[in-house]
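What follows is each chain in one-letter form.
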Amino acid sequence: MDSSSALEILRQTFTLALEIALPLLLISLIVGLILAIFTAATQINEQTLTFVPKLLAILTVLALLGSTILAKLQDFTRMIFSIIANGG
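A short tour of the structure in this document, coming up. Keep in mind the model is a prediction, meaning the values are calculated, not measured.

So, how was this worked out
Residues numbered from 1 in each chain as written. Predicted model: local features only at pLDDT ≥ 70, side-chain atom pairs only at ≥ 80, totals over all residues. Heavy atoms only, no water. Helix = DSSP H or I, 4+ residues; strand = E, 2+ residues; numbered from the N terminus. Buried < 20%, exposed > 50% of the residue type's maximum accessible area, 1.4 Å probe, protein only. Patch = residues over 30% accessible without salt bridge, like charges linked within 9 Å, V, L, I, M, F, W, Y side chains within 5 Å. Areas by Shrake-Rupley, 256 points an atom, 1.4 Å probe, with all protein chains shown as cover. Salt bridge = Lys/Arg side-chain N within 4 Å of Asp/Glu carboxyl O. Contact = heavy atoms within 4.5 Å.

**Section: the environment of Asn 86**
No. 1: With respect to the secondary-structure elements, Asn 86 resides in the segment after helix H2 (47-85).
No. 2: The class of Asn 86 is exposed, set by a relative accessible area of 67%.
No. 3: Between the C-alpha atom of Asn 86 and that of Gln 12, which follows or precedes it by 74 residues, the distance is 18 Å.

Pasting the structure below:
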């Protein structure tokens, strides 16, 4: 395995990590922003008010996109194993 193929695998790894994490981070950001506006408007300072809705939103996204995320991880793992099996 030369350095260019190793860099390509590293690029694919970071791309996959971004594809997996981005929906979860975006939904957490959006829910957090909505809740921050709500708490600023009502002046309610309760920690569970921000934690529980974010948790529920992330669990919902995981339930909806879990099979897609798993399929992407399986494809990537198969690709890595085939590279290892072929000797680079």
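Read on, since the account is not over.
**Digging into a nonpolar patch on the surface**
No. 1: A surface patch of nonpolar side chains, about 580 Å² in accessible area, is lined by Leu 18, Leu 22, Leu 26, Leu 29, Ile 30 and Ile 34.
No. 2: By relative accessible area, Leu 26 is classed as partly exposed at 41%.

**Quick look at the side chain of Thr 39**
No. 1: Locating Thr 39 in the fold gives a position in helix H1 (residues 3-42).
No. 2: Looking at Thr 39, the relative accessible area reads 15%, which means it is buried.
No. 3: Not counting the four nearest positions on each side in its chain, Thr 39 is found in contact with Ile 44 and Leu 49.

**Examining the side chain of Ser 28**
No. 1: Here Ser 28 shows up in helix H1.
No. 2: Those residues in contact with Ser 28 that sit more than four places away from it in its chain are Lys 54 and Ile 58.

**Some details on the environment of Leu 24**
No. 1: Inspection of the secondary structure assignment puts Leu 24 in helix H1.
No. 2: As for Leu 24 and Asp 2, which are separated by 22 residues in sequence, their C-alpha atoms are 34 Å apart.
No. 3: If we ignore the near neighbours within four places in the chain, the residues touching Leu 24 are Ile 58, Val 61 and Leu 62.

By themselves, these figures tell us nothing about what the structure is for.
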